[in-house]
Amino acid sequence: MRTTPARRRARRALAGAGAVVALLAGTLTGCQSGGQADPGERGSQSAPRWNTAPTSIAAAGDSITRGFDACSVLADCPEVSWATGNDPAVRSLAARLLGDAAVPERSWNYAVTGSRMADLPGQLAAAAAHKPDLVTVMVGSNDACRPTASSMTPVAEFRSGFEQALARLRAASPASQVYVSSVPDLQRLWEQGKDLPMVRQVWKLGICQSMLADPLSLATGATARREQVRARVVEYNEVLREVCGKDALCRYDGGAVFQYPFAADQLSRWDWFHPGKDGQARLAELAHRQVTAAEPPR
């Protein structure tokens, strides 16, 4: 049968439409199969996993991490540090994770007695030079422990310092994990020693006067001052939680240290404020529990 010009034009139109459909189908199939064929690309964008068994540790912070007043009066005692010490009575975080033999070679303590948040960026920069698997941070007590409540570090300044410190660590050692301890409840420490005459005499030497000045006074001003200091510590801990929460390799302790009910026999027998050996051991225990947990605290 003869094909008319009209039929030939119709066939060409149908053939062209079919080619377009085939082309679109191939394009869609290619996009879909390409996405499925590269699961590694999606994996590379997922959050890094927390390593519960780090093999090197660097510590940053203040007098607590230096073991101040834990062994002798007005002196650091880093061997009992909760983070990197080697005293078997404490069993530091480093000893629990690395084993006693590895502590001297695989742990570093850059904490400095008297440090505040403003000092943390420099400490973390020094720690980053070792590219440690884990960095511990315990800082903030000295930001609240000032001569007066009005001289405490402002919350915005505290936040800025912590953000700067983490950024400096990330720039120098991107894979280092960070364990952040909450600031202890300074009011609870006041409650432990305020009724002991000898302790009150020691506190008069200038220890944390924003909280410990006039320890027996229940006057409105003294009570309000202590509450102000405690409220500032709560705000600091919220900053630590929020800033740490934005870093996939940072784990905040969930307030474990703040909530821990330190007893008098866990505090230094020289100042009844810093942790003694038993207090350091409890800090190590809390940290080990958090670092080795499969999931961060809720």
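The present account deals with the structure reproduced in this document.

## Let's talk about the overall build of the chain
Thinking step 1. In terms of regular secondary structure, the chain is built from 13 helices and five strands.
Thinking step 2. Split into buried and exposed, the 298 residues of the chain put 47% on the buried side.
Thinking step 3. A separation of at least 24 residues holds for 72% of the contacts in the chain among residues at least 6 apart in sequence.
Thinking step 4. For the chain, the computed accessible surface area is about 14,700 Å², with 55% contributed by carbon and sulfur atoms.

## Details of helix α11 (residues 220–245)
Thinking step 1. The end-to-end C-alpha separation of α11 is 37 Å, in line with the 38 Å expected for 26 residues at 1.5 Å each.
Thinking step 2. Turning to α11, its buried residues number three or more, namely Ala222, Arg225, Arg226, Val229, Arg232, Val233, Tyr236, Asn237, Val239, Leu240, Val243 and Cys244.

## Section: the packing of helix α8 (residues 186–193) against α11
Thinking step 1. Remark: α8 packs on α11, axes separated minimally by 8 Å, with the N-to-C direction vectors making an angle of 135 degrees. Considering the angle they form, α8 stands oblique to α11. Between α8 and α11, the contacting residues are Leu186, Gln187 and Trp190 on the first element and Arg226, Glu227, Val229, Arg230 and Val233 on the second.
Thinking step 2. Of the residues that constitute the contact of α8 with α11, the class distribution is four nonpolar, one polar and three charged.

## Remarks on the pattern of salt bridges
A side chain with one charge may pair with a side chain of the opposite charge, provided their charged atoms come close.
Thinking step 1. Here the structure, examined in full by the defined rule, presents twelve salt bridges.
Thinking step 2. For Glu235, the salt bridge identified is with Arg232, shortest N-O distance 3.3 Å. Of the two residues, Glu235 and Arg232 are both situated in helix α11; the distance of three residues between them amounts to about one turn of the helix.
Thinking step 3. Taken together, the salt bridges that share partners define one network made up of Asp278, Arg282, Glu285 and Arg289.

What counts and what doesn't
Residues numbered from 1 in each chain as written. Predicted model: local features only at pLDDT ≥ 70, side-chain atom pairs only at ≥ 80, totals over all residues. Heavy atoms only, no water. Helix = DSSP H or I, 4+ residues; strand = E, 2+ residues; numbered from the N terminus. Buried < 20%, exposed > 50% of the residue type's maximum accessible area, 1.4 Å probe, protein only. Contact = heavy atoms within 4.5 Å. Areas by Shrake-Rupley, 256 points an atom, 1.4 Å probe, with all protein chains shown as cover. Expected span 1.5 Å × (residues − 1). Axes fitted to C-alpha atoms, helices over the stretch in contact; angles between N-to-C directions. Parallel < 35°, antiparallel > 145°, perpendicular 65-115°, else oblique. Nonpolar A, V, L, I, M, F, W, Y, C, P; charged D, E, K, R; others polar. Salt bridge = Lys/Arg side-chain N within 4 Å of Asp/Glu carboxyl O.

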